[in-house]
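# Notes for the structure review
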2 protein chains.
Amino acid sequence: MAEPITVDDPADPRLHDYTGLTDVELRRRREPAEGLFIAEGEKVIRRAGEAGYAMRSMLLSAKWVDAMRDVIDRATAPVYVVEPALAEQVTGYHVHRGALASMQRAPLPSAPEVLRTARRVVVMESVNDHTNIGAIFRSAAALGMDAVLLSPDCADPLYRRSVKVSMGAVFSVPYARLDTWPKGLEAVREAGFELLALTPGEKARTLDEVAPHRMDRVALMLGAEGAGLSDRALAAADQWVRIPMSHGVDSLNVGAAAAVAFYAVATGRPRE
Amino acid sequence: MAEPITVDDPADPRLHDYTGLTDVELRRRREPAEGLFIAEGEKVIRRAGEAGYAMRSMLLSAKWVDAMRDVIDRATAPVYVVEPALAEQVTGYHVHRGALASMQRAPLPSAPEVLRTARRVVVMESVNDHTNIGAIFRSAAALGMDAVLLSPDCADPLYRRSVKVSMGAVFSVPYARLDTWPKGLEAVREAGFELLALTPGEKARTLDEVAPHRMDRVALMLGAEGAGLSDRALAAADQWVRIPMSHGVDSLNVGAAAAVAFYAVATGRPRE
């Protein structure tokens, strides 16, 4: 059990994991390099622990000590108690969720490992927006997708904002990064998955045609907001699928589109 | 046709419609009281015009004059050209989309008017987040919902952020505000709509059971992120419906949940 340690010097090296949290570019480089990620808020910190991530340290204001008492009692890592103003000085923002934890990253599984037990996977290409990544993981977990594969240039699911928006789903849905793109998709097909590319193009068939019932061994490919899937990715797919649109609208937000597609392939009408 | 007018005094009263745009509380009161709303960016400004809203004025930086030339040529309202720094001084933020228009609000239709021609409507209760409102309108338009009804305490769909997130769908999907809640729902039922309340409760039936095919004359009720529908609203519904969830996840983001429900009731498998 950890005895909370009061820290009152913002330059204390023990707080190094939490410095400059609002500098996205800095943190994007630092966190993977230093093998850590930041969990924010009571619920997300608990979920990271339940998912088996080891805690490096925790930083919280005094009024959160009671709410986090059981987590503190189980912690073997140091727990730092600081004034809210000091937390703001260190991190660069007002930590209104009151508690941050620095967690140790675990090695990512390989794509074949992830695919071995999955029935339905999400494949993201070039999704760089941390909010969208988090939202897609949250919907994937809720709507019956078993795993996620990322193109090499997708943003980090363990970045603080992604973790928060996902409500911790980045901990529960296994994911892997493909080493090559789109060549890495061949391994997905060889593992027995049909590659469905979600695209608004007229040449695509509608979801209700392609997925009249819950599907198995399907890999649903999603591109970034705005740009969508690249031509190379579309060419690598087995089939193009689109969400039928009304009222002359040409696109959905990528999070909404993903949720609809997950529902259609994973939790739509069970096969009779 | 309007001849662009260069303005270089941030206190110029002609720029009054654009002052303090980052002060949400102020703008929430001012805009409905003064009968205006703000459209931001080329695409949204065009859509507001196409939807028939009258322009009060437009504010843009010099480099946007060419891109907006046709809009300027058609405009009878004054068009103000300002330096980006002045735009920031007036509005309170860096207007990176380069163009703002102040548009005249039109009287809202009544609920019966909106219901007369709709087959599927969204009913929102206490949705106060402008981003969520915008996202729900965008999905509603794309996924075949014909109209929106708002409880008295929902936020304003014409607030700048909602308009932007909706990509202009707040202009194309007719909406009305119910005067009383939940009593106002009676008029919806009397107009022949079945009231389906979306709720994660175990007592709810799953979407695929309730909506095995595209539905007609259905009013889909949504509550706010976190709180969900109130007990009073749930009691006023005809039926409770839930999205089946996996992996022990207890909820979806309200935007994702709305998109899935719209797809299921409006664009799912056509009735055979």
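With an unreviewed UniProt entry as reference, chain A is termed TrmH family RNA methyltransferase, source organism Streptomyces atrovirens.

This part covers the environment of proline 107 of chain B. All names here are of chain B. Mapped onto the fold, proline 107 is located in the loop between strand 5 (99-104) and helix 5 (111-117). Taking the relative accessible area as the measure of exposure, proline 107 reaches 78% and is therefore exposed. Proline 107 sits 18 residues away from glutamine 89 along the chain, and the two C-alpha atoms are 32 Å apart.

Contact with chain A, which involves 34 residues of that partner, is made by 34 residues of chain B. Taken together, the two surfaces of chain A and chain B that pack against each other cover about 2600 Å², and 55% of this comes from carbon and sulfur. Linking chain A with chain B are 2 salt bridges. Its salt-bridge partner being glutamate 225 of chain B, residue arginine 138 of chain A comes within 3.5 Å of it at the nearest N-O pair. On the surface where chain A and chain B come into contact, there are 6 residue pairs in polar contact (both at pLDDT 80 or more). Counting residues per element, the ones that place at least two in the side of chain A that touches chain B are helix 6 (130-142), helix 10 (207-210) and helix 12 (254-267) of chain A. Here the side of chain A that touches chain B takes 6 residues from helix 12 of chain A, the largest share from any one element. Of the residues assigned to the side of chain A that touches chain B, the class counts are 19 nonpolar, 8 polar and 7 charged.

Rules behind the numbers
- The residue numbers shown here count from 1 along each chain, following its written sequence.
- Chains and ligands are labelled sequentially in the order written, the chains with letters from A and the ligands with numbers from 1.
- Two thresholds apply to this predicted model, a pLDDT of at least 70 for residue-level local features and 80 or more for giving and counting side-chain atom pairs, whereas whole-chain, interface and lining totals are computed over all residues.
- Side-chain descriptors were evaluated using all non-hydrogen atoms of the structure, hydrogens and water having been removed beforehand.
- Only runs of H or I of at least four residues qualify as helices and only runs of E of at least two qualify as strands under DSSP, and these elements are numbered from the N terminus.
- A 1.4 Å probe rolled over the protein chains alone gives each residue an accessible area, and that area as a share of the maximum for its type sets the label: buried under 20%, exposed over 50%, partly exposed in between.
- Pairs of residues are marked as contacts when any of their non-hydrogen atoms sit within 4.5 Å.
- Put simply, buried area is the surface a 1.4 Å probe can reach on two separate parts but cannot reach once they are joined, added for both.
- Salt bridge, as used here, is a side-chain nitrogen of Lys or Arg placed within 4 Å of a carboxyl oxygen of Asp or Glu.
- Two N or O atoms form a polar contact when they lie within 3.5 Å of each other; inside protein one atom must be a possible hydrogen donor and the other a possible acceptor, and for residues adjacent in sequence the pair counts only when both atoms belong to side chains.
- Residue type decides the class: Asp, Glu, Lys and Arg count as charged, Ala, Val, Leu, Ile, Met, Phe, Trp, Tyr, Cys and Pro as nonpolar, and the leftover types, Gly among them, as polar.

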